[in-house]
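Here is what each chain is made of, one letter per residue.
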Amino acid sequence: MKHIVFILGSYYPNYSAVGMCLGNLADCFSKNYKVSIVSMRTNLDEPDNEVYNGQEIYRIATPEMLLRYKAVKNDNKLLLQLLRIWRTGRMLLGKDLINQALVDAYTQGINRIKEPIDIIIPTCNPMESGIAALDYKAKDSQRVKILPVLFDLFAERAFLNRFKWNKKIKNNRAIEKKLFEISEHVFYVHNWSEYLERNFKKYTGKFTEIEHPLLVLPERFSGMQITNKVPIVVYTGTVDIINRNPKWAVTLLAEAAKKNKFEAHFYSFGNGEQVITAAAKHSNCIHEMGRVTTQVAAKARSEADLLLSLGNKNTSQIPSKLFEYIATGKPIIHLAVSNNDPAISLLASYPYALVLVNDSGDDCTVQLVDFIKKYSGKELDFPTISKLFPEALPSTTCNTLGGYF
């Protein structure tokens, strides 16, 4: 039986978006292969080793990460601020965006695995997972196949570089080149297409485009009965002042609720949370639920009548959260920043979707009220959704990757 090792950021029980994607692949592969996971600790309470869904999880952390978790636990705001300054300084002064301490931690995690490894599947967020995979192949096992799965951009990602001049002077593209050269094959989602075509055309034969493998039947929570007195609109995910600002959303929702009563529950976190906090004080429609666990967010989506999606200002990538929404079969309200939002074309295939574009000149309030009245509580069955979006099924991606095992 082949042994597959995934190297990624946050995993069970506190999944990142990438962790959800790769976790679905891990669950799929676990049926026929031995699967191990090397992932980051997300707090001080998680054990170093744990078995979940038949997968052995090996958690890692750098000294800086442990210090940050301790500061969070003790509510040490001064230490947290000093650590933020330290990270920013390292990012600006380093020759690239790689945190060598994190690479070393991943390498130590891989070395804790006793069984021979056949395949390593790293990602690019963090890219340190890919570097650790390359180091392991070079030093310990040339026979290992490396099959990266790329979601977020690396060298071109504005959030990582912070400043345009910083992106220009960093040597990040050389890191990508090394990963592509040594890897057996590379899998990527659509937002990489133009970048790879422009900068790495010589490796075209190594590249295969996939979709976010997030279309899985949502958990049905025991004893759950939806008996909402008014329609409940639920948002789960991050809010960001620059890239995913919720200001228009809360303003539009509050206005619509004056015409037809409903509630909007935000299970959210990020530097845009202050906008939710302020809106909740001025409107009975807006409810700030704050940051919650993956399980609580999933339950909230299951109990909702409709789901709210916020488009990104950076339109290079479809929010992976949208596929989790589609999997529920519930009506989706997507608020786009511009007509360039890639989610617009995706949702064109989804029967229960309303897309509103900011500053479009349309009467968005009326459209929103009408949509809530018409579709609240409706739900598509999963077999129908699977036929509409077969490319987003984890089994589809697993079959594609499995061809290179």
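Since we're looking at a predicted model, the values are computed, not measured.

## Comments concerning the overall build of the protein chain
Across its full length, the protein chain holds 17 helices and 15 strands. Radius of gyration (C-alpha) of the protein chain: 22 Å, near the 22 Å computed for a compact globule of 405 residues. Across the 405 residues in the protein chain, those meeting the buried criterion constitute 52%. Long-range contacts, defined as pairs at least 24 residues apart, comprise 70% of the intrachain contacts of the protein chain with a sequence gap of at least 6. Total accessible area on the protein chain stands at roughly 19,000 Å², and carbon and sulfur atoms take up 52% of it.

## Examining the sheet that holds strand E8 (residues 186–188)
Taken in spatial order, the three strands line up as E7-E8-E9 in an open sheet, and their pairing is parallel. The outermost strands of the open sheet, each flanked by one partner alone, are strand E7 (149–150) and strand E9 (207–209). Here E7 pairs with E8 via two bridges, running parallel. Paired with Leu150 across the bridge in E8 is Tyr188.

## What to know about unusual backbone geometry
Among all residues except glycine, the phi angle is most often negative; among peptide bonds, the trans geometry is most common. Tyr12 connects to Pro13 through a cis peptide bond whose omega is 0°. Turning to its location among the elements, Pro13 is positioned in the loop between strand E1 (3–10) and helix H1 (17–29). Following Asn125, the chain continues into Pro126 via a peptide bond in cis, with omega recorded as 15°. With respect to the element layout, Pro126 can be found in the loop between strand E5 (119–121) and helix H5 (128–139). Located in the positive-phi region is Asp75, a residue other than glycine, with phi close to 55°. For Asp75, the location among the structural elements is in the loop between helix H2 (63–73) and helix H3 (77–93).

## Looking at the sheet that holds strand E3 (residues 49–52)
A sheet is described by the order of its strands in space; here six strands give the open sequence E3-E4-E2-E1-E5-E6, paired in mixed fashion. The open sheet is flanked by E3 and strand E6 (145–146), the only strands paired with a single partner. Sheet analysis places strand E2 (residues 34–40) next to strand E4 (residues 55–60), joined by five bridges and oriented parallel. Among the inter-strand pairings, Ile37 is bridged to a residue of E4, identified as Ile57.

## Some remarks on the confidence of the model for the protein chain
For the protein chain, mean pLDDT is 90; residues scoring 70 or higher make up 92% of the total. Taken element by element, the predicted model of the protein chain shows its lowest mean pLDDT in helix H6 (residues 158–161) (54) and its highest in E4 (98).

## Thoughts on the packing of H1 against helix H17 (residues 394–402)
Running from amino to carboxyl end, H1 crosses H17 at an angle of 70°, the nearest separation of the two axes being 9 Å. The angle between the axes of H1 and H17 places the two elements in the roughly perpendicular class. Packed against H1, whose contacting residues are Asn24, Leu25, Cys28 and Phe29, the element H17 presents Pro394, Ser395, Thr397, Cys398, Leu401 and Gly402 at the interface. Taken together, the residues that form the contact of H1 with H17 break down as six nonpolar, four polar and no charged.

Thresholds applied
- Residues numbered from 1 in each chain as written.
- Predicted model: local features only at pLDDT ≥ 70, side-chain atom pairs only at ≥ 80, totals over all residues.
- Heavy atoms only, no water.
- Helix = DSSP H or I, 4+ residues; strand = E, 2+ residues; numbered from the N terminus.
- Rg over C-alpha atoms; globule rule 2.2 N^0.38 Å.
- Buried < 20%, exposed > 50% of the residue type's maximum accessible area, 1.4 Å probe, protein only.
- Contact = heavy atoms within 4.5 Å.
- Areas by Shrake-Rupley, 256 points an atom, 1.4 Å probe, with all protein chains shown as cover.
- Pairing = 2+ DSSP bridges.
- pLDDT = per-residue confidence, 0-100.
- Axes fitted to C-alpha atoms, helices over the stretch in contact; angles between N-to-C directions.
- Parallel < 35°, antiparallel > 145°, perpendicular 65-115°, else oblique.
- Nonpolar A, V, L, I, M, F, W, Y, C, P; charged D, E, K, R; others polar.

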